[in-house]
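# Structure assessment
Here's the letter readout for the chains.
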Amino acid sequence: MTNTLARAAARYDLGALHRELVEEHGGEVDDSVPQLAEADPNAFGIALALPDGDVRSVGNARDEFSMQSAVKPFVYALALRDNYDAVHEEVGTEPTGESFDAVLLEEDTGRPPNPMVNAGAIYTANLVEGSDARAKRERILVGLSAFAGRELRVDEGVAEAEQEKGDRNRALAYLMRSMGTLDPGVDEALEVYAAACAVLVDTEVLAVMGATLAFGGRNPRTGEQVVSRRVVTDVLSVMATCGMYDGSGRWLRRVGLPAKSGVAGGLVASVQGVAGIGVYSPPLDPVGNSVRGVRVCERLSADLGLHVFDRELDPS
Ligand code: GLN
């Protein structure tokens, strides 16, 4: 069944979908840091990474952009790989129904609610092994590059700007420290998180990263087993329930795929056993998800029958 879906994905007319949705002009480009505000609202790329490692793409699929929150599932995966029990003890897995940067911790435990919102991502980034911020940054970058199958780099300008303007993130880090949860200093924690958000990718890379999760943690281009299946199951579950912020419930019903968006306009989705999907289009809807990114995934899911709760049942 999944091979049938992968074959259909390989034949799908991405060009027609791109031509149709390029006419969709809703949404606002994020302006939280100057580098993001300068993004071209018309840039629009779509990519699919398939089981044999082939990547099909259309539009501006080679334009670079920072991952922003689309990095969160991968950072969560790397933290689980390094410190599985601690991550599950110290970070929740409940959707918040609040915005991604809500200054909010679990009431009874003081834990961050889940790793897909800023509190949880700041926390999990710092559960990746490393003696200091530099070592953690480096380990995250190497891990993300393994997901991507190519060497990635940090846009230092974006990372610095994020740290300068990141008052809400600073508030969250202080709050977690005051609860006695976050271990490193606030500056160190925010440095690691900001660097992860500022990692540059393009749409094709994002699709390969999604595919690595879709294929049980094994990168379909390089063959490298980046994380274990146990980690992948946890990551996909949390992406499915919390990945699209306070739009997560509606997303799961309409699209039915684990996914994660970022405010630069990137969106990554994983279709288990079938493909990784990457989309890039900077204008965002009010909850912070790429308008065209959401539309692309809705269409791919409906046209190819990818919804996890609406797959053709195998009669055998
Ligand atoms: N760097 C951003 C922040 O922490 C990431 C937000 C996002 O992409 N939703 O505010």
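An account of the accompanying structure is given in this report. (Residues numbered from 1 in each chain as written. Predicted model: local features only at pLDDT ≥ 70, side-chain atom pairs only at ≥ 80, totals over all residues. Heavy atoms only, no water.)

### Describing the site of the ligand
The local shell around the ligand consists of Gln68, Ser69, Phe100, Asn118, Glu162, Lys165, Asn169, Tyr193, Cys197, Tyr245, Gly262 and Val263. One of the side-chain nitrogen or oxygen atoms of Asn118 is found 3.1 Å away from an oxygen atom of the ligand. A distance of 2.9 Å is found between an oxygen atom of the ligand and a backbone nitrogen or oxygen belonging to Val263. Here the ligand has 300 Å² of accessible area as a free molecule, and 97% of this is covered by the chains. Broken down by secondary-structure element, the contributors of at least two residues to the shell around the ligand are helix H7 (156-165) and helix H9 (186-197). Class assignment for the residues of the shell around the ligand results in 5 nonpolar, 5 polar and 2 charged. (Near = heavy atom within 4 Å. Polar contact = N/O pair within 3.5 Å; in protein donor to acceptor, adjacent residues only side chain to side chain. Areas by Shrake-Rupley, 256 points an atom, 1.4 Å probe, with all protein chains shown as cover. Helix = DSSP H or I, 4+ residues; strand = E, 2+ residues; numbered from the N terminus. Nonpolar A, V, L, I, M, F, W, Y, C, P; charged D, E, K, R; others polar.)

### As for the pairing of strand E1 (residues 45-49)
With 5 of 5 residues buried, E1 is to be regarded as a mostly interior element. Covered by surrounding structure in E1 are Gly45, Ala47 and Ala49 together with Ile46 and Leu48, the residues of both alternating faces. Examined bridge by bridge, E1 and strand E2 (residues 55-59) share 5 bridges and lie antiparallel to one another. Within E2, the position partnered with Ile46 by the bridge is Val58. Bridge count for E1 against strand E7 (residues 275-280) is 5 bridges, and the pairing is antiparallel. Pairing of Ala47 across the sheet is with Gly278, part of E7. (Buried < 20%, exposed > 50% of the residue type's maximum accessible area, 1.4 Å probe, protein only. Pairing = 2+ DSSP bridges.)

### Comments concerning the sheet that holds E1
The strand order across the open sheet built from 5 strands is E2-E1-E7-E6-E5, with neighbouring strands paired in antiparallel fashion. Each end of this open sheet is capped by a strand with a single partner; those strands are E2 and strand E5 (259-261). Neighbouring strand axes in the sheet, compared pairwise and without regard to direction, differ in orientation by 10° on average. Against the sheet, helix H13 (residues 291-304) makes contact with E1, strand E6 (266-271) and E7, and its axis sits at roughly 150° relative to E7, the strand it touches most. (Axes fitted to C-alpha atoms, helices over the stretch in contact; angles between N-to-C directions. Contact = heavy atoms within 4.5 Å.)

### Focus: H7
If you check which residues of H7 are buried, you get Val158, Ala159, Ala161 and Glu162. Along the long axis of H7, the arc covered by the buried residues comes to 165°, so they all point the same way. In the core, the buried residues of H7 are packed alongside helix H3 (34-37), strand E3 (65-66) and H9. One side-chain oxygen of the residue at the start of H7 lies 3.0 Å from the amide nitrogen of Gly157, identifying that residue as Asp155. (Arc of directions from axis to C-beta.)

### Things to note about the packing of helix H8 (residues 167-178) against H9
Between H8 and H9, the least distance of the axes is 10 Å, while the angle of their chain directions is 130°. Taken together, the axes of H8 and H9 lie oblique to each other. Crossing handedness for the pair H8 and H9: right-handed. Each of Asn169, Arg170, Ala173, Tyr174 and Arg177 in H8 lies in contact with H9, whose residues at this interface are Val186, Asp187, Leu190 and Tyr193. Of the residues belonging to the contact of H8 with H9, the class tally is 5 nonpolar, 1 polar and 3 charged. (Parallel < 35°, antiparallel > 145°, perpendicular 65-115°, else oblique. Left-handed = near helix turned anticlockwise from the far one by under 90°.)

### Some remarks on the state of the cysteines
Taken as a whole and assessed by the stated rule, the structure comprises 0 disulfides. The structure places no disulfide on Cys197, whose sulfur is separated from the nearest cysteine sulfur, that of Cys242, by 17 Å. The closest cysteine sulfur to the non-disulfide-bonded Cys297 is located on Cys242, 17 Å from its own sulfur. Using a relative accessible area of 0% as the deciding quantity, one classes Cys297 as buried. (Disulfide = S-S within 2.5 Å.)

### Details of the pattern of salt bridges
Across all of its chains, the model carries 14 salt bridges by this definition. As a salt-bridge pair, Glu204 and Arg62 come within 3.0 Å of each other at their nearest N and O atoms. Of the two residues, Glu204 is situated in helix H10 (residues 203-214) and Arg62 in the loop between E2 and E3; the sequence distance between them amounts to 142 residues. By relative accessible area, Glu204 is classed as buried at 11%. One salt bridge in this structure joins Glu298 and Arg295, with 3.7 Å as the shortest N-O distance. Note that Glu298 and Arg295 are positioned in helix H13 at a spacing of 3 residues, about one turn of the helix. You can call Glu298 buried: its relative accessible area is 14%. Exposure remark for Arg295: the relative accessible area of 28% places this residue in the partly exposed category. (Salt bridge = Lys/Arg side-chain N within 4 Å of Asp/Glu carboxyl O.)

### Focus: the pairing of E7
With 6 of 6 residues buried, E7 lies mostly within the body of the structure. Neither face of E7 is left uncovered, since the one carrying Ala275, Ile277 and Val279 and the one carrying Gly276, Gly278 and Tyr280 both have all their residues buried. Relative to E7, E6 is paired through 6 bridges, and the arrangement is antiparallel. Across the sheet, Gly266 pairs through a bridge with Tyr280, a residue of E7.

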